[in-house]
Amino acid sequence: MKTAKSPEVASAETPDKRGFYGKFGGRYVPEILLPALDDLNAAFADVRNDASFQQQYQTLLKEYVGRETPLTYAGRLTGHFGKARIYLKREDLCHTGAHKINNAIGQVLLARKMGKTRIIAETGAGQHGVATATVCAHFGMSCIIYMGSEDISRQKLNVDRMRLLGAEVRPVESGAKTLSNAINEAIRDWVSNVDDTFYIIGSAVGPHPYPLMVREFQSVIGTETIDQSLEQEGRLPDYVLACVGGGSNAIGMFYPMLDYQDIRLYGIEAAGEGVQTSRHAATLTGGHPGILHGSLSYLLQTEHGQIAEAHSVSAGLDYPGVGPEHSFLRDTGRVTYTSVTDDQAIEGVRLLSSKEGIIPALETAHAIAYLHELMPRTRSDEFVVINCSGRGDKDMETIAKFIKQP
Amino acid sequence: MSLFITAGYPDPGSTVELVEELEASGADIIELGMPFSDPLADGPTIQYASKVALDQGVNIDSIFEMVRAIRNRSEIPIVLMGYINPVLQYGLQAFFLKASSVGVDGIILPDVPPGEFPEVEALCSDYDIAPVFLVAPNTSEERMRIVDQASRGFVYCVSVTGVTGAREGSEVSLSVGKFIDKVRKNVTQNPILIGFGIRNHQDAMAISGKVDGFIVGSALIDHIRMVYSRPDWIRRTGTFVRHLKYGVKTGSDKSE
Ligand SMILES: Cc1ncc(COP(=O)(O)O)c(C=O)c1O
């Protein structure tokens, strides 16, 4: 049996004081934002050791989000492959239907502590926007959500939810009209209103301390999974899978496990129509290091350093960048990053729905789809955990369109 | 007076001639924007100009060629302004080597504030390219001194908390009035040029007593966009620039 030694030791070094994970990360932002990042860094450092903040956060996770989320044994899915046992970490059961709310609660609490009155956020799939709007409604705050108009049309249900929750959804018309453009517009808003505005980033991206902050607020996923694995299987998992867009559900799952070297970690990106085509979002597989949205990380870009348009059937993975810590973990080899296509992801939705009665989000379905490759290599005395990052209600229109096709 | 245009806007073929006209009309410094796909400190005007330039294939090599051509005819100081990623992909060392060999005088990288990317600052000094850094209304006095220390050529004082682009009414002069004394007190080794939001001669005059010069970008590009369909758009742009610098001489003078 593997022992649950403290995972703090080796990983405590990342990021360094200046926000670097190896060479990745940093704070490549206009001068105007530096005071805001300094304030944020100081406030975040305070709340990490502030018992009353932590208690408020934990109480909301328990009583409002519904944590802890179960670790569900997927018996029929296991039977389908006939190899290692498969478990699902059920972030889809979080209030609002995805892991995003773990982070939104943390950052809204921090904003309140800092006395910021105006909340802005970007969203791709709409899950982070819904989570932010939800937490703001809970606290009687208003918020503005930037969303690419392409995403507005493919995640309409979530747009209606945000509006019902009282958020103002501002369509973004530039570039591919998806997540990356929404982040640009949110940063421009922040630059213009930096004194009273708190920008809640929805993934493990952006300038320091955002990737660290998002990691910390999402680490509850991995911490619970470790405890539940010990309780249900008497040991730690052999394989852990998570989908990677910007990388928040993945880093939340992986970070507490990094020092348990026997756990094999897999991050699954969106290969869109194929990594050999120009229409994909597999940043760590097909990109090169560069600077976007305040940090150095792998990026999809042209030879001239212009940011390329990403493509994925899932709006939440449709981003040409990735969190800097994932770039670091890719280069150190601690995590294996791989990708699956749009078609495979749709097949993943079908598989989990029909075998387990759980309709996953299209993002999550990428991790499910990777089972086809992974499972033949596993043994029946091993077990796999998949981070089931969200539920698929928001994707029903897109899924129905695909499934109708011959 | 420093003028900003996006290299290759409105078309790559006219940048050299346009710069000549800007100089003849009173520009003391030319800031050439290196277009980037995701200009997150820029408002709609420069976003638009960047896209037009990129759609016509402008890249760092073609910008270096433009600088070389300008240098054949003029000694006007040229400062390149752009985001770091295209520079990084070009290769930092190669970029600074080439920039200095074609006659670039300075560089402004809005997403590289002092201290966050030391290698860039070292290369500026190795290749004798003046690094121009920015101060903003919310910059602390201590930080202003750091920016002054790190900069050469001038310090770019951002007039308002926001992105580039023309501003309404007297927003710029009101904002500048509130913090310029602090800038003067702490930025002592470099001239202070103020930019963002300046539309016309009155805007410039309202603030110019307090600083060493001003920068116009978006308003110039907006003007070019308006007159570009005319065959004599470059000459008309020259008129606009003279009005910017010297004011409109007579009430009947119809400027564009
Ligand atoms: C359910 C779900 N999973 C995953 C993601 C991808 O984001 P990240 O990589 O930050 O977890 C999203 C983003 O919208 C999502 O909604």
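Keep in mind it's a predicted model, so treat the numbers as computed, not measured.

**What about the interface of chain B and chain A?**
Listed as interface residues are 35 residues of chain B and, on the opposing side, 30 residues of chain A. In this assembly, chain B packs against chain A so that about 2,600 Å² is buried in total across both faces, 53% of it on carbon and sulfur atoms. Where chain B meets chain A, there are two salt bridges. A salt bridge links R27 of chain A to E116 of chain B; its shortest N-O distance comes to 2.9 Å.

**Things to note about the site of the ligand**
All names here are of chain A. Taken together, 19 residues form the shell around the ligand, and within it S203, G245, G247, S248 and S389 come nearest. Here an oxygen atom of the ligand sits 3.2 Å away from a polar atom, N or O, in the main chain of G246. Burial of the ligand by the surrounding chains reaches 98%, relative to a free accessible area of 390 Å². Counting atoms within 2 Å of the grid points, the majority share of the ligand lands in the second largest cavity.

**Digging into helix α6 (residues 118-127) of chain B**
Residues and elements named next belong to chain B. Turning to α6, its buried residues are V120, L123, C124 and Y127. Across the axial projection of α6, the buried residues extend over an arc of 105 degrees, all falling on one side. Facing away from the buried side of α6 by over 90 degrees, the exposed positions are S125 and D126. Contacts made by the buried residues of α6 are with α4 (84-90), α5 (92-102), β4 (106-108) and β5 (130-131). Of the residues trailing α6, D128 is marked for its positive phi of about 60 degrees.

**Notes on the confidence of the model for chain B**
Low-confidence regions, as indicated by low pLDDT, have predicted coordinates that should not be scrutinised in detail. For chain B, the mean per-residue pLDDT works out to 95, and 97% of the residues sit at or above 70. With a pTM of 0.95, the predicted complex shows an ipTM of 0.95.

**Regarding the packing of aromatic side chains**
Applying the stated criterion to the full structure yields 20 aromatic pairs over all chains. Considering the side-chain rings of F44 of chain A and F217 of chain A, the 6.0 Å spacing of their centres and the 75 degrees angle between planes classify their relative orientation as edge-to-face. Here F44 of chain A, found in helix α2 (residues 34-48), pairs with F217 of chain A, found in helix α10 (residues 210-218); they are 173 residues apart in sequence, far enough to count as distant. Per residue, the accessibility class of F44 of chain A equals that of F217 of chain A, and both read buried. Ring centres of W190 of chain A and Y199 of chain A lie 5.8 Å apart, and the angle between their planes is 65 degrees; this geometry places the pair in the edge-to-face category. Its relative accessible area of 4% is what places W190 of chain A among the buried residues. Y199 of chain A gets classed as buried once you look at its relative accessible area, which sits at 2%. The rings of F64, Y90, F95 and F96 of chain B are connected pair by pair, giving a single aromatic cluster. Its end group placed over the ring of Y255 of chain A, R215 of chain A keeps NZ or CZ at 3.7 Å from the ring centre.

About the thresholds
Residues numbered from 1 in each chain as written. Chains lettered and ligands numbered in written order. Predicted model: local features only at pLDDT ≥ 70, side-chain atom pairs only at ≥ 80, totals over all residues. Heavy atoms only, no water. Contact = heavy atoms within 4.5 Å. Buried area = accessible area lost by both parts, 1.4 Å probe. Salt bridge = Lys/Arg side-chain N within 4 Å of Asp/Glu carboxyl O. Near = heavy atom within 4 Å. Polar contact = N/O pair within 3.5 Å; in protein donor to acceptor, adjacent residues only side chain to side chain. Areas by Shrake-Rupley, 256 points an atom, 1.4 Å probe, with all protein chains shown as cover. 1 Å grid on protein atoms, 1.4 Å probe; cavity = no way out; pocket = protein on both sides within 12 Å on 5 of 7 lines; lining within 4 Å. Sits in = over half its atoms within 2 Å of the grid points. Buried < 20%, exposed > 50% of the residue type's maximum accessible area, 1.4 Å probe, protein only. Helix = DSSP H or I, 4+ residues; strand = E, 2+ residues; numbered from the N terminus. Arc of directions from axis to C-beta. pLDDT = per-residue confidence, 0-100. Phe/Tyr/Trp six-rings, centres within 6.5 Å; stacked < 30°, edge-to-face > 60°. Lys NZ or Arg CZ within 6 Å of the ring centre and 35° of its normal.

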